[in-house]
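The chain contents come next:
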Amino acid sequence: MQNFTPRKCYTPYVSPFDPCPPQKVKSYDTPPHLYMAYQPYGLPQFSPREALCAGTLWPALYNPYFSPYKPHERQEDE
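These lines cover the structure that appears in this document, whether it is placed above or below. (Residues numbered from 1 in each chain as written. Predicted model: local features only at pLDDT ≥ 70, side-chain atom pairs only at ≥ 80, totals over all residues. Heavy atoms only, no water.)

**Observations regarding the packing of aromatic side chains**
In total, this model carries 2 aromatic pairs according to the counting rule given. With a centroid separation of 6.1 Å and an interplanar angle of 55°, the aromatic rings of Tyr10 and Tyr28 are classed as tilted. Separated by 18 residues along the polypeptide, Tyr10 in strand β1 (residues 7–10) and Tyr28 in strand β2 (residues 26–29) bring together distant segments of the chain. Tyr10 gets classed as partly exposed once you look at its relative accessible area, which sits at 41%. Look at Tyr28 and you get partly exposed, because its relative accessible area is 42%. Their ring planes at 85° and their centres at 6.0 Å tell us that Phe46 and Tyr62 sit as a pair that is edge-to-face. You can see Phe46 sitting in the loop between β2 and α1 (48–54) and its partner Tyr62 sitting in the loop between α1 and α2 (72–77), a full 16 residues away along the chain. In this structure Tyr62 comes out as partly exposed when scored by relative accessible area, which is 38%. (Phe/Tyr/Trp six-rings, centres within 6.5 Å; stacked < 30°, edge-to-face > 60°. Helix = DSSP H or I, 4+ residues; strand = E, 2+ residues; numbered from the N terminus. Buried < 20%, exposed > 50% of the residue type's maximum accessible area, 1.4 Å probe, protein only.)

The following block contains the structure:
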């Protein structure tokens, strides 16, 4: 089984006539609700204050944004 990661990567087409330097790999984030078949009963909940800061009531659906250009950010939070 592969390790789950919300960040997906792909390689775009690079034209030989493109005047800009090519980006060989691009990435994007997928939201956590894509990997839940349904929302089960009894999920843990944030406190009201934490929910307002996180943008969701349920920690299982919380997905903070980390810039792909600053890899050190993710390590500090984990």
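**Things to note about the side chain of Arg7**
Relative to the helices and strands, Arg7 resides in strand β1. Only 2.9 Å separates the side chain of Arg7 from the side chain of Ser27, close enough to count as a polar contact. Within the structure, Arg7 has its side chain in polar contact with the side chain of Asp29 (distance 3.3 Å). Beyond its immediate chain neighbours, meaning those up to four positions away, Arg7 contacts Ser27, Tyr28, Asp29, Phe66 and Pro68. (Polar contact = N/O pair within 3.5 Å; in protein donor to acceptor, adjacent residues only side chain to side chain. Contact = heavy atoms within 4.5 Å.)

Read these as geometric descriptors, not functional statements.
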